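Geometric and topological summary
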Amino acid sequence: MSVPTAACVQSVCAHLPVLGRDVTVPLVTGGEVAYAALDYAASAPALQRVWDDVAAYAPYYGSVHRGAGYLSQLSTDLFENARRTVAGFLDCRSDDQLIFTRSTTDSLNLLARALPADCQVFVFETEHHASLLPWPDGRVTCLDAPRTPRQAVETLERALAGRTATVQEGHGPALVCVTGASNVTGELWPVRDLAAVAHAHGARIVLDAAQLAPHHPVSVRDLDVDWVAFSGHKLYAPFGSGILAGRADWLRAAEPYLAGGGASRKVTRRQDGGVAVEWHESAARHEAGSPNVIGAYAIASACKALTEAGWDTLVAREERLVAEVRAGLAEIPGVRVLSLFGDDAPRVGVISFVVEGWNSSHFAAALSAEYGIGVRDGLFCAHPLVRTLLGSDPQPQGECGAPEAAPGERSLNAIRVSFGAGTPDEHVERFVNAVRELVADGAKWTYRTEEGRCVPAV
């Protein structure tokens, strides 16, 4: 059973078409301009290919699993084929489980719920909050931010060696959580080396691939990680879908993440009036309720589109765009790009920076209102890392939101530009020119703080 699918349309070194590429937005200075979406690290626009595939499936929508009708069976096939497609995209092992979730955050919270009771977790302070916060309180060792990839490996080695040396024989399991690419600096982490250290000390490792999977191929086998998690909305699919893939034993042993239909294999009444349940041991154990079939299908479609476009081509093009942006920002007085591992570190299309004398929210608002460019400002749900990079505490702000400093005051937060396979070259060039003009000439408009964000004053 199948539904029509869209072709992957692209030419060599051309971006993959995304939704919204023809949207125009008004400027406070008058007129309209094509919107330059440069906030991919938060949410990448959906690929046109993905949207077309979802639209083609929509008339065939039906409930999945156990339905006897044709559309139900078709939807079930589509859902399970999507699982196999994503597992192939990640080069999973034959006995790995792939669970569909809502997001990376959801995936890592699921894994946190599945940890053995005596499991100790090791995580760098540089992680996004999604991979920093889910773990059981009191069983987490937070490691200092390393300044080189080698130092990251050495830091983990010392932490795990210290654990081995100080606990009694028969100690509980350990889990290491690490990002693949920073959502603040874009820098790639030495995942394979960290996995080798973890396994040498009997620990397991989970990879937060939210920022890595949209930009580089991810192989569970090659990286030798135990689990991997990512979100559909960063991989050019619509909101509300994600995956957790990896070793099945802890997932099978854990109580279901959600209790309900689909997760249960057999439910009976007990003589004492209670309910006895046998749970599935497959991925269904943690997928209770009606699944997000469209979300799963969208992720699979995005995986196919990226694979068919060719990773060598996509990576080479993005590296060129990263080099252009970094070179352009380096020429602008007062602009400082944030980096953990240094200028020569390999990275994806995520760049954070500060501008001397500017409030970050004011600067980002001016890029939007005066140039039609969408970027992000703040601490990017990675507060400890950004504070380390800035060398000081930030100004007060809401969670992951814009700072509350008045426009014109110097901001101790940052601005982030991010892009990927769907970004036209022209948008990157326009961004660099806009930063140059704002720094040289100042904003053309007056801005004020409204509900924690900067907006044009009227």
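The model shown is predicted, which means the values in this text are computed figures rather than measured ones.

This next bit is on the pairing of strand β7 (residues 174–179). Most of β7 is tucked away, with six of its six residues classed as buried. Side chains A174, V176 and V178 project from β7 onto one buried face, and the interleaved L175, C177 and T179 project onto a second face that is buried too. Relative to β7, strand β5 (residues 120–124) is paired through four bridges, and the arrangement is parallel. Considered in β7, the bridge of F122 is made with V176. Of the pairings in the sheet, the one linking β7 to strand β8 (residues 204–208) comprises five bridges and is parallel in character. Each residue of the ladder has a partner; that of C177, found in β8, is V206. What joins β7 to β8 is helix α6 (residues 191–200), and the crossover it makes is right-handed.

A separate point is the pattern of salt bridges. According to the stated counting rule, one finds 23 salt bridges in the structure shown. When the shortest N-O distance is used, the salt bridge between D39 and R416 registers 3.5 Å. In this pair, D39 sits in the loop between β3 (36–37) and α1 (48–57) while R416 sits in strand β17 (residues 414–418), placing the two residues 377 residues apart along the sequence. In this structure, D39 and R416 share a single accessibility class: buried. Among the ionic pairs, D53 bridges to R49, the shortest N-O distance being 3.2 Å. One end of the pair, D53, and the other, R49, are both in helix α1, four residues apart, so they sit about a helical turn from each other. For D53, a relative accessible area of 2% translates into the label buried. One network of salt bridges, in which partners are shared, links R317, R320, E324 and D425.

Attention now goes to the sheet that holds strand β6 (residues 140–143). Pairing is mixed in the open sheet, where seven strands are placed in the order β4-β10-β9-β8-β7-β5-β6. Sheet topology places β4 (97–101) and β6 at the edges, where each strand pairs with a single neighbour. Taking each pair of neighbouring strands and ignoring which way they run, the sheet shows an average axis angle of 15°. Where β4 meets strand β10 (residues 242–246), five bridges bridge the pair, whose relative direction is antiparallel. Each bridged residue has a counterpart across the sheet, and for I99 the counterpart in β10 is L244. Set on the sheet, helix α3 (residues 104–114) makes contact with β4, β7, β8, β9 (227–231) and β10; between it and β9 the angle comes to about 150°.

The full count for this structure, using the stated rule, is two cavities of 30 Å³ or more. Quantified by volume, the second largest cavity comes out at close to 40 Å³. Along its surface, the second largest cavity is lined by Y40, A41, A44, Q211, P214, H215, K234, Y236 and F419. Across the lining of the second largest cavity, the residue classes break down as six nonpolar, two polar and one charged.

On to the side chain of Q97. Following the sequence through the fold, Q97 ends up in strand β4. Assessed through its relative accessible area of 6%, Q97 is described here as buried. Setting aside residues up to four positions removed in sequence, Q97 forms contacts with L244, A245, G246, A248, L251, R252, E281, S282 and A283.

Strands sit in the order β13-β14-β17-β16 across an open sheet of four strands; the sheet is antiparallel. The open sheet has two edge strands with one neighbour each: β13 (335–337) and β16 (376–378). Going across the sheet, the axis of each strand differs from the next one's by a mean of 30°, ignoring polarity. Sheet topology note: the β16/β17 ladder contains three bridges and is antiparallel. Counterpart to D377 in the pairing with β17 is I415. Strand contacts of helix α10 (residues 311–330): β13, β14 (350–355) and β17, with the helix running at about 10° to β14, the strand carrying the most contacts. Against the sheet, helix α13 (residues 425–441) engages β13, β14 and β17, with an angle of about 10° to β14.

Cut-off values and rules
- Residues numbered from 1 in each chain as written.
- Predicted model: local features only at pLDDT ≥ 70, side-chain atom pairs only at ≥ 80, totals over all residues.
- Heavy atoms only, no water.
- Buried < 20%, exposed > 50% of the residue type's maximum accessible area, 1.4 Å probe, protein only.
- Helix = DSSP H or I, 4+ residues; strand = E, 2+ residues; numbered from the N terminus.
- Pairing = 2+ DSSP bridges.
- Right-handed = clockwise from strand over helix to strand, strands pointing away.
- Salt bridge = Lys/Arg side-chain N within 4 Å of Asp/Glu carboxyl O.
- Axes fitted to C-alpha atoms, helices over the stretch in contact; angles between N-to-C directions.
- Contact = heavy atoms within 4.5 Å.
- 1 Å grid on protein atoms, 1.4 Å probe; cavity = no way out; pocket = protein on both sides within 12 Å on 5 of 7 lines; lining within 4 Å.
- Points joined across faces, edges and corners; volume = space filled by probe spheres on them.
- Nonpolar A, V, L, I, M, F, W, Y, C, P; charged D, E, K, R; others polar.

So yeah, pure geometry; function would need other evidence.
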